[in-house]
Every structure is written in structure tokens, then in C-alpha cells.
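Residue strings, one per chain:
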Amino acid sequence: MSRLILLRHGESEWNARNLFTGRADVALTPRGERQSRDAGELLRALGLAPDAAHCSRLRRAWHTCALAMDAAGRGTAPVAAVRALEERDYGSLQGRDKEAVLRELGEAEFRRIRRSADARPPGGESLGDVSARLLPYWHARIAPQLAAGATVLVVGHSNSLRALAAHLDALSPTELLGLELPSGIPLLHELDPALRPRRRGGRYLRPARPGRRTGPRTPLAGRSGVTPER
């Protein structure tokens, strides 16, 4: 059985400031570094140490990938850092405060620009544009590794991973609007021989703690998966 692990990069400096980051090449915060190491340690503990990894070239993603792979005991495994997995270009919104943009646009338009497949911020990309550059790489480089039975880690960004999840799970427009992937929490997809998810939406991996309420087990659980971050 093939296993695909999606991991959104740890908290970045602009995540912490609630800014639209897009293609800005910002660093992880200390919290983001801890999240990355914790994710790798969890993969190792669960017997899910990746055979190979693919990540965005933006440093918050490749740093997350490096820290997670080292913590998983796979620091020498092959890693490809590629443009295809980079974050969506937010155009004129990049660097702006999200709360200020929300007040300016209103809830409905703010959500449409951020979460629909076809809306583009001025000068930026839609999620469909991200899919158009990501899916050829998926088919050419990632899918063959999975088809060979490998456990593969993909470290990306909110929108590059949403685009991949939408492809894997054949999400409807309504489901896509509600899809959120939190930072630093691995999302496991176990795939059948045709590379279809055995469980739609996959499942989040979290440390087992007695009495702990772990929250959503899949990004498709409930109305919107996890609480949207603005």
C-alpha cells in the first residue's frame, strides 16, 4: 500500500503577523521549527518515515521539510525542491494584513478570493492556476514513486496542498471552499493501486495523549474541516 503524507510548512514569520504571504520568501518562526521537528518525530514513531520527499523551493517549506526528514531519521533520503509546489501568488494582497482586507472586501468576497478555484486577486493566481503547474509534476514525479509502493512526504503551502487534496479527493466547489490544512500537522493518505485514497480526505496524524480531544481527524470532517485561519 502506498502512503502519501501532506505537510503544510510550520508557522512562518508572516503567518504569525496574519499577513498574506504568497510568494514572499519568509522564514519559519521558532514555533514553526518546533512544529516541523514534531511532525518528523511523529512520523518516525508511527513507522511512517518517508522514503522520499518533495517540497516547495520557498524557504519556509524546504526548511520544514529538512527539519521533519531529519527528525524522522531520513535526513539522507532524496528530496526535490520544486517551483510546482510553491504557494499561490497573492498579487496585490501579498504583505497585507488579512483582517484589514476582510474589512475592506466583506466576508463573502474575502472567502471567495481565498478559497474558490477560479478567483484571482489582482495580479495574482487562482487555485486553478496553482493546480495547472502542480498536477503535471504530480503525475511525472510523485505518482510513479507512490505506484512503486513508496511512502512519500510532500511539504507545501496552504494552496498548493489544497490543490493536490482537491485532485486526490475530487472535491466539489462547496467542499473546496471549506478545505483548510493546518500548519505542521501531517495528513496521511493511504492509496490503492490506482492511487485513489482508501479514505476520502485522509486522516491527520497527532500524538496520542490520554484524555486529549484531537479535533478533526480528516480535513473533510464537519462543515469546514478545521477552523479557518484568516
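Computed from a predicted structure; not experimentally measured.

S.K.: Looking at this structure, I do not really get the overall build of the chain. What am I missing?
M.R.: Along its length, the chain carries eight helices and six strands. In summary, the chain has a C-alpha radius of gyration of 17 Å against a globular reference of 17 Å for 230 residues, a match within 12%. When its C-alpha atoms are laid out on the principal axes, the chain stretches across 45 × 40 × 35 Å. Of all 230 residues assigned to the chain, the portion counted as buried reaches 53%. Total accessible area on the chain stands at roughly 10,300 Å², and carbon and sulfur atoms take up 49% of it. In the chain, which carries 37 positive and 25 negative side-chain charges, the distance between the mean positions of the two groups comes to 4 Å.

S.K.: Which parts of the structure should I look at to understand the environment of A45?
M.R.: Structurally, A45 can be placed in helix α2 (residues 30-45). Overall, A45 belongs to the exposed group, its relative accessible area being 66%.

S.K.: Would you mind going over unusual backbone geometry with me for this structure?
M.R.: With the exception of glycine, most residues fall at negative phi, and the peptide bonds are largely trans. One non-glycine residue, N18, lies in the positive phi region at around 60°. For N18, the position within the fold is in the loop between α1 (13-16) and α2. Positive phi, close to 65°, is recorded for L195, a residue that is not glycine. With respect to the secondary-structure elements, L195 resides in the loop between β5 (187-191) and β6 (203-204). Given a relative accessible area of 16%, L195 falls into the buried group.

S.K.: Can you help me understand helix α6 (residues 127-147) in this one?
M.R.: The α-helix winds at 3.6 residues per turn, so residues separated by three or four positions along the chain end up facing the same way. With 21 residues, α6 should reach 30 Å at 1.5 Å per residue; the first-to-last C-alpha distance of 26 Å falls well below that figure. For α6, the principal kink sits at W138 and spans about 45°. N-capping of α6 is provided by S126, with a side-chain oxygen placed 3.3 Å from the backbone N of G128.

S.K.: Explanation requested: empty space enclosed by the protein in the structure shown.
M.R.: Empty space left among the atoms is revealed by rolling a probe the size of a water molecule over them. Applying the stated criterion across every chain yields a total of one cavity of 30 Å³ or more. Along the walls of the largest cavity sit 17 residues, with R8, N15, E87, K98 and S158 positioned nearest its centre. Mapped by element, the contributors of at least two residues to the lining of the largest cavity are α5 (107-115) and α7 (158-169). For the lining of the largest cavity, the per-class residue count stands at three nonpolar, seven polar and seven charged.

Parameters at a glance
- Residues numbered from 1 in each chain as written.
- Predicted model: local features only at pLDDT ≥ 70, side-chain atom pairs only at ≥ 80, totals over all residues.
- Heavy atoms only, no water.
- Helix = DSSP H or I, 4+ residues; strand = E, 2+ residues; numbered from the N terminus.
- Rg over C-alpha atoms; globule rule 2.2 N^0.38 Å.
- Buried < 20%, exposed > 50% of the residue type's maximum accessible area, 1.4 Å probe, protein only.
- Areas by Shrake-Rupley, 256 points an atom, 1.4 Å probe, with all protein chains shown as cover.
- Lys, Arg positive; Asp, Glu negative; His and termini not counted.
- Charge placed at Lys NZ, Arg CZ, Asp CG, Glu CD.
- Expected span 1.5 Å × (residues − 1).
- Bend = angle between axes of the 7 residues up to and from the residue.
- Polar contact = N/O pair within 3.5 Å; in protein donor to acceptor, adjacent residues only side chain to side chain.
- 1 Å grid on protein atoms, 1.4 Å probe; cavity = no way out; pocket = protein on both sides within 12 Å on 5 of 7 lines; lining within 4 Å.
- Points joined across faces, edges and corners; volume = space filled by probe spheres on them.
- Nonpolar A, V, L, I, M, F, W, Y, C, P; charged D, E, K, R; others polar.

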